[in-house]
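# Residue-level structural notes
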Protein chains: 2
Amino acid sequence: MSEHVVITVDAVGGDLGSGPMLEGTLLALEADPDLEVILCGPAEVVEPFAANHDRVRAQVTTQAIEMGEHPAHAVRRKKDSSIVVGCRLVKEGQAQGFFSPGSTGACLAAATLVMGRIKGVSRPAMATILPSPVKPVVMCDVGANADCKPAYLVQFAQMASIYAEKVIGIESPTCALLNIGEEEAKGSQFAQETHALMKEQLPNFIGNCEGRDLLDCKADVVVTDGFTGNVSLKTIEGVASVLFDSLKKIMKSSPAAMLGALAMKKGLAELKDLTSADTYGGAPMLGVKGACLVGHGSSNATAVKNGILMTAKCVRLDVSGLIAQAVKKPAADE
Amino acid sequence: MSEHVVITVDAVGGDLGSGPMLEGTLLALEADPDLEVILCGPAEVVEPFAANHDRVRAQVTTQAIEMGEHPAHAVRRKKDSSIVVGCRLVKEGQAQGFFSPGSTGACLAAATLVMGRIKGVSRPAMATILPSPVKPVVMCDVGANADCKPAYLVQFAQMASIYAEKVIGIESPTCALLNIGEEEAKGSQFAQETHALMKEQLPNFIGNCEGRDLLDCKADVVVTDGFTGNVSLKTIEGVASVLFDSLKKIMKSSPAAMLGALAMKKGLAELKDLTSADTYGGAPMLGVKGACLVGHGSSNATAVKNGILMTAKCVRLDVSGLIAQAVKKPAADE
């Protein structure tokens, strides 16, 4: 952790305003003495903060990309938005990584268009660690590419396996294809073709997994197209949220239940942490030149801290360089 | 509930053997005095049971379709299997509906090939009520058609809306498309085309919904292709199972927690029921000539009872006839 790293941070992308971004930045700087942050955002937010804190520089931006905007259009038009500027400073070598809790689509577009795609990578993809209380499972793609070809998923597996091994620390990670049955011949035409290609090209491929396996998966890396990945990731989040809400009601239903809840408080808080997106702080965009992590829109200070530290970790472990080495073959459709 | 109905029941399809099937049949007969059951299975299972119980006939079958077999091949080859015979008796008019906890794929194949598709229906599809503690949401397709065209999903919405209104009792059900964003232009090419077609053709269409909405959805019916539907349904089941397991551990972690768990016992049991597939007993195959419900492989006696009663309900409410009326236009690809 000793290498000096500069991370650009989008100070205004989150749903909760700049408060958690600034607080999270401070927490990250405290935790990592070799970290420097360039805060991108409006002058009134970033300048006073940079003036009052060491290892923080202000990069004033004058535009903002809203949640509803068409990502690629917004990135092309709003060159002075915090997201585009954050990525540009990485491209120019002033920083090595970018963290934002902002519009996922805009971050993906900016990372691809501004930082640029690694040579040989067909499609950059978004990975995430699934919020499981059982074990860490990396899923990729979780939303960058709604339409995919089988060859893309082979690369998603390669890129996510590097992330799982280097950043998460899973030794010799195995990978599986998300499908609707365990047998090779199951699934859509696309899933069957992808299975055949993964089997042929990936030594660490161990077959299909199903939706019910995601949180307790025999594989360390699960690959899928960005449509299915996004639906299943959000399904996990939705189910956990509904169940925790129901549980809360049960716990408030009687004085005895309330006392009981008190006795379980620590365990439940741990479970909630493990099923929360905040623990890891962000989803990495794999396949672009530089580190780029996107947090939840509702990231709190802890999530922001974890996201910034994770971005720095990706830089120090040279995830992009390792992906560039792994993806030697010509890309599927260039 | 007064109309006399005959249901064929697959006595041997479940993972737990014939025990829950026979017990569940008895419970269903007790609950519904106008119900008659034809039990399909090996002589040693069905004959003694039929001899000892009123309103039960035995239909001896000599073959069994195993879980791993290719569904359509198995259905064509094993003409004397409980699944094929159960569907054939409906086709011949000896019964009006079929219930099985057996191989979903084989049941789908048998219902389509043996009972036959309703004229005008492009693809029969499987619907299910999502295991939500908040409200009933019908999802379709959950696995019958891994590869779909946009027009199929329009029919899935029509068929599932009939099921939601008549069988589940939801007044004027609304429907949504499962997608990866709320906006019209979001999602894969397929999702965008489907959205446009649904908007044009379905008066009860209210737009996209996302994975995180499934258990607490603004729409009553959610349509998707069978691949995405199957992945998300199994994801819901998997997340609920992992969270309940984690909760169980927390509740056993200390004497105080155990006491607390006792105080919440009733609420937790209700929550578990609501998030269990057993409550509704089975997933209807919509678009075939006759009622066909498929239960979970691990259906217990209660699930079997509910599945048989639900099948009888589909018969009495003439779901197939209503679907035939609704699907007047020529099918998309005939």
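How each quantity is defined
- Every chain begins its residue count from 1, and numbering advances along the sequence as written.
- The naming scheme follows written order: chains are lettered A onward, ligands numbered 1 onward.
- Per-residue local features of the predicted model are confined to residues with pLDDT of at least 70, and side-chain atom pairs are confined, for both listing and counting, to 80 or more; whole-chain, interface and lining totals are unaffected and use all residues.
- Each side-chain value is worked out from all heavy atoms of the structure, with water and hydrogens disregarded.
- In what follows, residue pairs with any heavy atoms lying within 4.5 Å of each other are defined as contacts.
- Note: buried area is the sum, over both parts, of the accessible area (probe 1.4 Å) each one loses when the two are combined.
- The working definition used for a salt bridge is a side-chain nitrogen of Lys or Arg within 4 Å of a carboxyl oxygen of Asp or Glu.
- Any pair of nitrogen or oxygen atoms within 3.5 Å is treated as a polar contact; in protein, a donor-acceptor pairing is required on top of that, and neighbouring residues in sequence qualify only through side-chain atoms on both sides.
- Note on conventions: DSSP H or I runs of at least 4 residues are helices, E runs of at least 2 residues are strands, and numbering of each starts at the N terminus.
- Note on pairing: two strands pair once DSSP finds at least 2 bridges between them.
- Here an axis means a line fitted to C-alpha atoms, over the contact stretch when the element is a helix, while the angle between two N-to-C directions is reported on a 0 to 180 degree scale.
- A residue counts toward the fit only if its pLDDT is at least 70 in both copies, and the copies are then superposed by least squares on the C-alpha atoms of those residues.
- The classification of residues rests on relative accessible area computed with a 1.4 Å probe and restricted to protein chains. Under 20% of the type maximum is buried, over 50% is exposed, and intermediate values are partly exposed.
- Oblique is the label for any angle not covered by the other classes, which are roughly parallel (under 35 degrees), roughly antiparallel (over 145) and roughly perpendicular (65 to 115).
- Left-handed describes a crossing in which the near helix is turned anticlockwise from the far one by less than a right angle; the clockwise case is right-handed.
- Put simply, Ala, Val, Leu, Ile, Met, Phe, Trp, Tyr, Cys and Pro go in the nonpolar bin, Asp, Glu, Lys and Arg in the charged bin, and everything else, Gly too, in the polar bin.
- Scored between 0 and 100, pLDDT is the confidence that the predictor attaches to each residue.

Turning next to the interface of chain B and chain A. Opposite the 47 residues of chain B that make contact, chain A presents 46 residues. The three residues of chain B that bury the most area against chain A are B:Ile180, B:Phe227 and B:Met264, which together make up 16% of that side's buried surface. Where chain B touches chain A, the interface holds 4 salt bridges. Among the ionic pairs, B:Arg212 bridges to A:Glu237, the shortest N-O distance being 3.9 Å. On the surface where chain B and chain A come into contact, there are 8 residue pairs in polar contact (both at pLDDT 80 or more). Sorting the residues of the side of chain B that touches chain A by element identifies helix H7 (189-201), helix H8 (226-251), helix H9 (255-263) and helix H10 (265-274) of chain B as the ones contributing at least two each.

All names here are of chain B. Read from one edge to the other, the open sheet built from 11 strands follows the order S3-S2-S1-S4-S11-S10-S5-S6-S9-S7-S8, with strand pairing classed as mixed. Each edge of the sheet is formed by a strand with only one pairing partner; in this case those strands are strand S3 (56-60) and strand S8 (205-209). Sheet twist, expressed as the mean angle between neighbouring strand axes with direction ignored, is 25°. Where H7 meets the sheet, it contacts strand S7 (175-178), S8 and strand S9 (221-223), and its direction lies at approximately 170° from that of S7.

What follows is about the relation of the copies chain B and chain A. With an RMSD of 0.0 Å, the fit of chain B onto chain A corresponds to turning through 180° and sliding 0.0 Å along the axis. Both copies of the chain, as the preceding transformation shows, are related through a two-fold rotation axis. No C-alpha of chain B lies nearer the rotation axis than that of B:Gly260, which sits 1.6 Å from it.

Residue and element names in this part refer to chain B. For the coordinates displayed, the defined rule picks out 24 salt bridges over all chains. For Arg316, the salt bridge is made with Asp32, and the minimal N-O distance between the two is 2.9 Å. Here Asp32 lies in the loop between helix H1 (19-31) and strand S2 (35-41) and Arg316 lies in helix H11 (residues 301-316), a separation of 284 residues in the sequence. Asp32 shares its class with Arg316; the two are buried.

The subject of this paragraph is the packing of helix H6 (residues 150-166) of chain A against helix H7 (residues 189-201) of chain A. Residue and element names in this part refer to chain A. Viewed as axis vectors pointing N to C, H6 and H7 meet at an angle of 50°, and their least axial separation amounts to 9 Å. By the angle class used here, H6 and H7 are oblique. Of the two possible hands of crossing, H6 and H7 adopt the one that is right-handed. In this structure, H6 contributes Pro150, Ala151, Leu153, Val154 and Ala157 to the contact, and H7 contributes Phe190, Glu193, Thr194, Leu197, Met198 and Gln201. Of the residues assigned to the contact of H6 with H7, the class counts are 8 nonpolar, 2 polar and 1 charged.

Moving on: the environment of B:Val6. By the secondary structure assignment, B:Val6 is in strand S1 (residues 5-10). For the pair B:Val6 and B:Arg77, spaced 71 residues apart in sequence, the C-alpha separation works out to 26 Å.

Further remarks concern the side chain of A:Thr228. Topologically, A:Thr228 is positioned in helix H8 (residues 226-251). Its relative accessible area of 3% is what places A:Thr228 among the buried residues. Contacts of A:Thr228, omitting those with residues within four sequence positions, involve A:Leu178, B:Phe227 and B:Val231.

With 97% of its residues at a pLDDT of 70 or more, chain A shows a mean pLDDT of 92. Across residues 330-334 of chain A, where pLDDT falls below 50, the model places 13 contacts with residues more than four positions away in sequence or in other chains.

Our next topic: the sheet that holds strand S7 (residues 175-178) of chain A. All names here are of chain A. Spatially, 11 strands are ordered S3-S2-S1-S4-S11-S10-S5-S6-S9-S7-S8 in an open sheet, and the strand pairing comes out mixed. With one partner strand each, in any of the chains shown, strand S3 (56-60) and strand S8 (205-209) form the two edges of the open sheet. If you compare each strand with its neighbour and ignore which way they point, the axes differ by 25° on average. Relative to strand S6 (residues 138-140), strand S5 (residues 125-129) is paired through 3 bridges, and the arrangement is antiparallel. Bridging from a neighbouring strand, Thr128 pairs with Met139 of S6. Sitting on the sheet, helix H4 (residues 82-91) touches strand S1 (5-10), strand S2 (35-41), S3 and strand S4 (97-100), and the angle it makes with S4 is about 165°.

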